[in-house]
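The chain contents come next:
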Amino acid sequence: MGRYRIRVATGAWLFSGSHNCVQLWLVGEHGEAELELQLRPVRGEEEEFVLDIPEDLGTLQFVKLRKQHSLVDDAWFCERITVQSPGTSTETEFPCYRWVQGTGVLSLPEGTARLAGDNALDVFQKHREKEVKERQQIYCWATWKEGLPLTIAANCKDDLPPNMRFHEEKRLDFEWALKAGALEMVLKRVYTLLSHWNRLEDFDQIFWGQKSSLAEKIHQCWQDDDLFGYQFLNGANPMLLRRSTSLPSRLVLPSGTEELQARLEKELQNGSLFEADFILLDGIPANVIRGEKQYLAAPLVMLKMEPNGKLLPMVIQIQPPNPSFPTPTLFLPSDPPLAWLLAKSWVRNSDFQLHQLQYHLLNTHLVAEVIAVATMRCLPGLHPVFKLLVPHIRYTMEINTRARTQLISDGGIFDQPCQLLSQAASTGGGGHVQLLHRAVNKLTYSSLCPPDDLADRGLLGIPSALYAHDALQLWEIIARYVAGIIQLFYQRDDVVSGDPELQAWCREITEVGLCQAQDRGFPLSLQSQAQLCHFLTMCVFTCTAQHGAINQGQLDWYAWVPNAPCTMRMPPPTTKEDVTLATVMGSLPDIRQSCLQMTITWHLGRRQPDMVPLGHHKEEYFSDPKAKAVLSQFQTDLENLEKEITARNKQLDLPYEYLKPSRIENSVTI
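From a predicted model like this one, the values you see are computed outputs, not experimental measurements. (Residues numbered from 1 in each chain as written. Predicted model: local features only at pLDDT ≥ 70, side-chain atom pairs only at ≥ 80, totals over all residues. Heavy atoms only, no water.)

A. Molecular detail of the overall build of the protein chain. For the protein chain, the helix and strand inventory stands at 19 helices and 17 strands. Summarising its shape, the C-alpha atoms of the protein chain cover approximately 95 × 55 × 45 Å along the three principal directions. Here the protein chain holds 670 residues, and 60% of them are scored as buried. Taking contacts inside the protein chain between residues at least 6 apart in sequence as the whole, the part at least 24 apart equals 74%. Of the roughly 26,800 Å² of accessible surface on the protein chain, a fraction of 51% belongs to carbon and sulfur atoms. (Helix = DSSP H or I, 4+ residues; strand = E, 2+ residues; numbered from the N terminus. Buried < 20%, exposed > 50% of the residue type's maximum accessible area, 1.4 Å probe, protein only. Contact = heavy atoms within 4.5 Å. Areas by Shrake-Rupley, 256 points an atom, 1.4 Å probe, with all protein chains shown as cover.)

B. Local environment of the layout of surface pockets. Of the voids in this model, the second largest pocket is the one considered here, and its volume is about 620 Å³. Contributing to the lining of the second largest pocket are 28 residues, with Met239, Arg242, Gln358, Tyr359 and Lys442 lying nearest its centre. For the lining of the second largest pocket, the secondary structure elements donating two or more residues are β12 (273-277), α6 (337-378), α10 (431-442), α11 (450-456) and α15 (529-551). For the lining of the second largest pocket, the per-class residue count stands at 13 nonpolar, seven polar and eight charged. (1 Å grid on protein atoms, 1.4 Å probe; cavity = no way out; pocket = protein on both sides within 12 Å on 5 of 7 lines; lining within 4 Å. Points joined across faces, edges and corners; volume = space filled by probe spheres on them. Nonpolar A, V, L, I, M, F, W, Y, C, P; charged D, E, K, R; others polar.)

C. Quick look at the sheet that holds strand β7 (residues 92-100). Overall, antiparallel pairing links the four strands, which are arranged β4-β1-β6-β7 in an open sheet. If you trace the sheet from one side to the other, it starts and ends with β4 (46-53) and β7, each paired once. For this sheet, the mean angle separating the axes of adjacent strands, direction not counted, is 20°. Pairing geometry for strand β1 (residues 2-10) and β4, over eight bridges, is antiparallel. (Pairing = 2+ DSSP bridges. Axes fitted to C-alpha atoms, helices over the stretch in contact; angles between N-to-C directions.)

D. Geometry of the environment of glutamate 129. Looking at the secondary structure, you find glutamate 129 in helix α1 (residues 123-138). Along the chain, glutamate 129 and glutamate 501 lie 372 residues apart, while their C-alpha atoms are 9.7 Å from each other.

E. Region of the structure containing the packing of aromatic side chains. Using the criterion set out here, one finds 19 aromatic pairs in the structure. Of the aromatic side chains, those joined through ring pairs into one cluster are Phe203, Phe207, Trp222 and Trp560. It is lysine 64 that lies over the ring of tryptophan 25; its NZ or CZ is 5.7 Å from the centre. Taking the ring centre of phenylalanine 124 as reference, the NZ or CZ of arginine 114 above it sits at 3.8 Å. (Phe/Tyr/Trp six-rings, centres within 6.5 Å; stacked < 30°, edge-to-face > 60°. Lys NZ or Arg CZ within 6 Å of the ring centre and 35° of its normal.)

F. Highlighting the sheet that holds strand β15 (residues 300-305). One open sheet holds the five strands; their spatial order is β11-β12-β15-β16-β17, and the pairing between them is antiparallel. Each of the sheet's edge strands pairs with one partner strand only, and the pair in question is β11 (242-243) and β17 (330-331). As paired elements, strand β16 (residues 311-317) and β17 share two bridges and run antiparallel to each other. Looking at the pairing, glutamine 317 lines up with leucine 330 of β17. Here helix α4 (residues 225-234) sits on the sheet in contact with β12, β15 and β16, set at roughly 95° to β16.

G. Main features of the pairing of β12. Counting buried positions along β12 gives four out of five residues, so the element sits mostly inside the fold. In this sheet, β12 lies alongside β11 in antiparallel orientation, the contact comprising two bridges. Bridge pairing in β12 links arginine 242 to glutamate 275. Bridging between β12 and β15 involves five bridges; their strand directions are antiparallel. Across the sheet, residue phenylalanine 274 finds its bridge partner in β15, namely leucine 303.

H. Quick look at the side chain of histidine 392. Along the polypeptide, histidine 392 turns up in the loop between α7 (384-389) and α8 (396-407). One polar contact links the side chain of histidine 392 to the main-chain carbonyl oxygen of asparagine 666, over a distance of 2.8 Å. What histidine 392 contacts, discounting residues up to four positions off in sequence, is Val540, Cys543, Thr544, Leu614, Asn666 and Ser667. (Polar contact = N/O pair within 3.5 Å; in protein donor to acceptor, adjacent residues only side chain to side chain.)

I. Structural context of the pattern of salt bridges. In total, this model carries 42 salt bridges according to the counting rule given. With its nearest N and O atoms 3.0 Å apart, the salt bridge here joins glutamate 131 to arginine 135. Here glutamate 131 pairs with arginine 135, and both are found in helix α1, just four residues apart, close to one helical turn. Judged by relative accessible area, arginine 135 falls into the buried class, the value being 9%. Measuring nitrogen to oxygen at the nearest pair gives 3.7 Å for the salt bridge that ties lysine 304 to glutamate 306. Since its relative accessible area comes to 26%, glutamate 306 is described here as partly exposed. If you follow the salt bridges from partner to partner, you end up with Asp158, Arg165, Glu168, Arg171, Glu175, Glu398 and Arg402 in one network. (Salt bridge = Lys/Arg side-chain N within 4 Å of Asp/Glu carboxyl O.)

J. Quick peek at helix α18 (residues 591-605). End to end, α18 covers 21 Å across 15 residues, agreeing with the expected 21 Å (1.5 Å per residue, within 8%). Burial within α18 is extensive, with 15 of its 15 residues counted as buried. Residue aspartate 590 occupies the N-cap position of α18, its side-chain oxygen lying 3.2 Å from the main-chain nitrogen of arginine 592. (Expected span 1.5 Å × (residues − 1).)

K. Empty space enclosed by the protein, seen in detail. A complete count under the given rule lists six cavities of 30 Å³ or more for this structure. Here the second largest cavity is characterised by a volume of approximately 60 Å³. The wall of the second largest cavity is formed by Trp222, Gln223, Phe228, Leu341, Lys344, Ser345, Arg348, Pro562 and Asn563. For the lining of the second largest cavity, the leading source of residues is α6, giving four residues. Grouping the amino acids of the lining of the second largest cavity by side-chain chemistry returns four nonpolar, three polar and two charged.

L. Broad picture of the packing of α6 against α15. Two elements in contact, α6 and α15, have axes separated by 10 Å at closest approach and are oriented at 150°. Considering the angle they form, α6 stands roughly antiparallel to α15. Handedness of the α6/α15 crossing: left-handed. Between α6 and α15, the contacting residues are His355, Tyr359, His360, Asn363, Thr364, His365, Val367, Ala368 and Ile371 on the first element and Cys539, Thr542, Cys543, Gln546, His547, Ile550 and Asn551 on the second. Of the residues assigned to the contact of α6 with α15, the class counts are seven nonpolar, nine polar and no charged. (Parallel < 35°, antiparallel > 145°, perpendicular 65-115°, else oblique. Left-handed = near helix turned anticlockwise from the far one by under 90°.)

M. Representation of the nonpolar core within the structure. Counting residues in each nonpolar core, the largest one holds 172 residues, and the members touching the most others are Phe232 and Trp505. Broken down by element, the residue count for this core peaks at 23 residues, all from α6. Once residues within four sequence positions are removed from consideration, phenylalanine 232 is found in contact with Asn237, Pro238, Leu241, Ala276, Phe278, Val301, Leu303, Leu311 and Val347. The next biggest cluster of nonpolar side chains, apart from the first, holds 26 residues, and it includes Tyr4, Leu24, Leu39 and Cys78. (Core = buried A, V, L, I, M, F, W, Y, C linked by side-chain atoms within 4.5 Å.)

N. Focus on the packing of α6 against α10. Interaxial distance between α6 and α10 falls to 10 Å at its minimum, and their mutual angle equals 55°. In terms of orientation, α6 and α10 fall into the oblique class. The element α6 and its partner α10 pack so that their crossing is right-handed. Contacts from Gln353, Leu354, Leu357, Gln358, Leu361 and Leu362 of α6 reach α10 at His432, Leu435, Leu436, Ala439, Val440 and Lys442. Classifying every residue of the contact of α6 with α10 gives eight nonpolar, three polar and one charged.

Coordinates in, geometry out; function isn't part of it.
Below you can see the structure in the form of structure tokens.
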């Protein structure tokens, strides 16, 4: 006979509690016992029970629970159950962190992370095999668009497994923000109904409402060449710029441009010549919005790095050469101001398209979803890699499902009145899918790993490249965290290569979710501790820091629409002399498109009220004190980096905030 102290914790968000009774059993190596208690879980509370049990249960292995109901199945979110056994001062932890529904029995194994064993009679082995089999029936793959990464099989958010859904506060905030954004857009349209829209200053009429202090600064300085160049290093999309190793073959320098060629070659020799090439957009069909044809270009920008770290544009070629126009017009800073401004606007429009579709949607959202679905399908809850990754897949399946059905679908966001791709972006109407197909071919393993990607682009060691600096720092911190966890469970390389669950998970990501991505450098198997740590670092970095860097800048850099126009309504100019203010205004988005851009980028870029900062999830999936110590050190490392970035930013005119750890969400949630 022994006395057991049982504590049951319920989630703190709306509707986490339940009016249904819950029945509990303790299962030990010597037997099991049903607990005689009346548990009706209360939101946000931890309930404690002390019970005498006549049997000697031995070492506890599972807690089993079943929710009883008569008329209504009132779901309960169980966080964890802890049990103090007779004669011990320590508690055994049984993490849950999921919804309990229906009348079935749910078995929670003791929380120590374990690798798969080869003993078929082992109770934990049986449990993990049953769990994975059940999950593979729940988490199924689907093809959103042929040739693109697979997604969770869900036609709408209601089709998702309950444990992948937004909690109620998140859902209410998300839907309120949509309605608030739609209302603001309507008010701006009414406000401008009788106004003229023929000067750049007229954009001020809608530049009110939700915006940041940096957006205000961009509003004042958006025409400056140094701000134009700065965005390639530290703006919303710092992923395209690369150091030139030769003059691009597409850059045709006609007679009369010898001085320009000499300056380009001088910068090239000095290692200070950079380029941003949007050739991926060449030939992509442009959208038709409300019967009006839109336009796309595939610019090339050559920039020079000044000794003070400023990146300045030297020349812009808006379109690549083609048989009918073998020598495209080159636009220069010395050109008439409106011609130069329009050329830069075409570049910014092109950057908007690649940022949103290639680097934001594909390289973070869709990759994170593949990682999430593969993790749920292949790794049981006892697996250390599952425990490591599960905090970083929170909400990802729902936000992506909502995006596919509301934001990037054929019929859109805010219940039809405004749709980002079909009603505002020049790549909408089908061009976005063609662009994504091209972008998939550029989605290599090394492109998702900053040490490799930044080295390939020649951006290492540049003091003014703040994204590059902070990304490398974060990569190293995440890599130390991952290695600390992995070394607790994989002491030798053969343990890695011999883990069947881990190998199945790796294959599921590369071969299934990413559609045969081994041709692009992704591993089909993991053969060493180092290889596993590198792959996991990529997974965590993509789901957290990289998404933070790519997502947060929208609110700052896209709120002032002329700085990053979502569409262009006139063809690219082929001469400089004919560019007038009417040409510029006729090219930039109209009032409706501009209002929509501001509304959506506010919705996507704002800080989420239930945001969980990187590494600070409250869920305790690991019960091992050593694993908890590794997480604690991770948090300390992040806090130290936060202090470094804060001190640096105080010295800067334009602070780079997107990779401050306190601003990085722990998963892709928006």
